[in-house]
Amino acid sequence: MFRAMVPDQYLPSIYAIDFRELRQRGITSLIVDLDNTLVEATRADATPRLIEWLDSIKQQGFRVMIVSNNNQTRVSKFAIPLQIPFIHAARKPLNRAFKRALKELGSQKEETVVVGDQLLTDVFGGNRMGFHTILVVPVSKMEGFFTKINRRLERAIFHWMKKRGYLNWKEN
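Each value, and the rule that gives it
- Sequence order sets the numbering: in each chain, residues are counted from 1 along the sequence as written.
- Given that this is a predicted model, residues contribute local features only at a pLDDT of at least 70 and side-chain atom pairs are listed and counted only at 80 or more, while totals for whole chains, interfaces and linings are drawn from all residues.
- The side-chain numbers reported here are obtained from all heavy atoms of the structure, hydrogens and water having been left aside.
- Numbering of helices and strands starts at the N terminus; helices are DSSP runs of H or I of at least 4 residues and strands are runs of E of at least 2.
- Only the C-alpha atoms count toward the radius of gyration. The rule for a globule is 2.2 Å times the residue count to the power 0.38.
- When a residue's accessible area, from a 1.4 Å probe over protein chains only, is under 20% of the maximum for its type it is buried; when over 50% it is exposed; and in between it is partly exposed.
- Only heavy atoms matter for contacts: two residues are in contact if any of them lie within 4.5 Å across the pair.
- In this description, accessible areas are obtained by the Shrake-Rupley approach with a 1.4 Å probe, and a residue is regarded as covered only by the protein chains that are shown.
- Charged-residue counts in this description rest on Lys and Arg as positive and Asp and Glu as negative, His and the chain ends being excluded.
- The atoms used to mark charge sites are NZ of Lys, CZ of Arg, CG of Asp and CD of Glu.
- Strand pairing is assigned whenever DSSP detects at least two bridges linking the two strands.
- Helix axes use the C-alpha atoms of the stretch in contact, all axes being lines fitted to C-alpha atoms, and the angles between their N-to-C directions lie in the range 0 to 180 degrees.
- When a carboxyl oxygen of Asp or Glu is within 4 Å of a side-chain nitrogen of Lys or Arg, the pair counts as a salt bridge.

Engineer: For the overall build of the chain, give the residues involved together with the corresponding values.
Structural biologist: Assigned secondary structure in the chain consists of 6 helices and 6 strands. In the chain, the succession of helices and strands from N to C terminus is β-α-β-α-β-α-β-α-β-α-β-α. Over its C-alpha trace the chain gives a radius of gyration of 15 Å, about what one expects of a compact globule, namely 16 Å for 172 residues. Taken along its principal axes, the extent of the C-alpha atoms in the chain is 45 × 35 × 30 Å. Every one of the 172 residues in the chain was classed for burial, and the buried ones make up 50%. For the chain, restricting intrachain contacts to residue pairs at least 6 apart in sequence, the fraction spanning at least 24 positions comes to 69%. In the form shown here, the chain has an accessible surface area of approximately 9,400 Å², with 51% of it arising from carbon and sulfur atoms. Positive and negative side-chain charges of the chain, numbering 27 and 17 respectively, have mean locations separated by a distance of 6 Å.

Engineer: I'd like a description of the sheet that holds strand S1 (residues 9-11), backed by residues and values.
Structural biologist: In sheet architecture, strand pairing relies on hydrogen bonds along the backbone and comes in two forms, parallel and antiparallel. Taken in spatial order, the 6 strands make up an open sheet running S1-S6-S5-S2-S3-S4, and their pairing is parallel. Pairing within the sheet leaves two strands with one partner each, and these edge strands are S1 and strand S4 (86-87). Relative to strand S3 (residues 63-67), strand S2 (residues 29-32) runs parallel, the two sharing 4 bridges. Each bridged residue has a counterpart across the sheet, and for Ser29 the counterpart in S3 is Arg63. Set on the sheet, helix H4 (residues 96-105) makes contact with S2, S3, S4 and strand S5 (112-116); between it and S3 the angle comes to about 155°.

Engineer: Which residues make up the pattern of salt bridges, and what values go with them?
Structural biologist: Summed over the entire model, instances satisfying the criterion amount to 6 salt bridges. Measuring nitrogen to oxygen at the nearest pair gives 2.9 Å for the salt bridge that ties Asp33 to Lys92. Residue Asp33 is found in the loop between S2 and helix H2 (48-59), and its partner Lys92 is found in the loop between S4 and H4; the two are separated by 59 residues along the sequence. With relative accessibility at 7%, the residue Asp33 sits in the buried group. Judged by relative accessible area, Lys92 falls into the buried class, the value being 6%. Between Arg43 and Glu40 there is a salt bridge, with the nearest N and O atoms lying 3.0 Å from each other.

Structure, rendered in structure tokens:
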């Protein structure tokens with residue numbers, strides 16, 4: 001089960017993603033988490049840097065969809081001004097929202113990458129579906145109650161992965 005939590009890549013932020021490499025792998029679509037992946041969970045809107053990043057990847061021909069476990073109000077207020085499709089209350093790591101995202105993006109799982117800051121929701125859910133997964137360092141240390149519990153479990157999983165040689169990166 002822990003092997004399903006090993007991301008294909010572990011990066012310091014979304015800004016470190018190599019889109020040329022993804023394009024070479026045949027990736028055309030991104031499913032991205034919102035809170036602590038794109039912006040802090042407490043930030044209501046996108047930063048200028050994030051807007052520039054989103055514009056750049058769209059200009060490169062990538063399709064983007066936000067898939068978040070957060071509520072409709074939070075996700076829609078963030079995504080609608082950016083004209084990014086979204087799925088709220090996704091219940092990641094369950095498959096339903098990932099399948100819906102594929103359909104709405106018009107993409108296949110082999111063409112899609114899942115980007116998020118949590119092993120137990122984003123990476124585990126993405127890996128179970130057969131996506132390429134990218135784990136990023138959380139944007140902020142400020143987190144909700146359930147995320148704090150997840151982080152404790154993640155530390156134990158990272159320890160297990162490191163001990164068995166599954167990590168080919170340095171922990172941040």
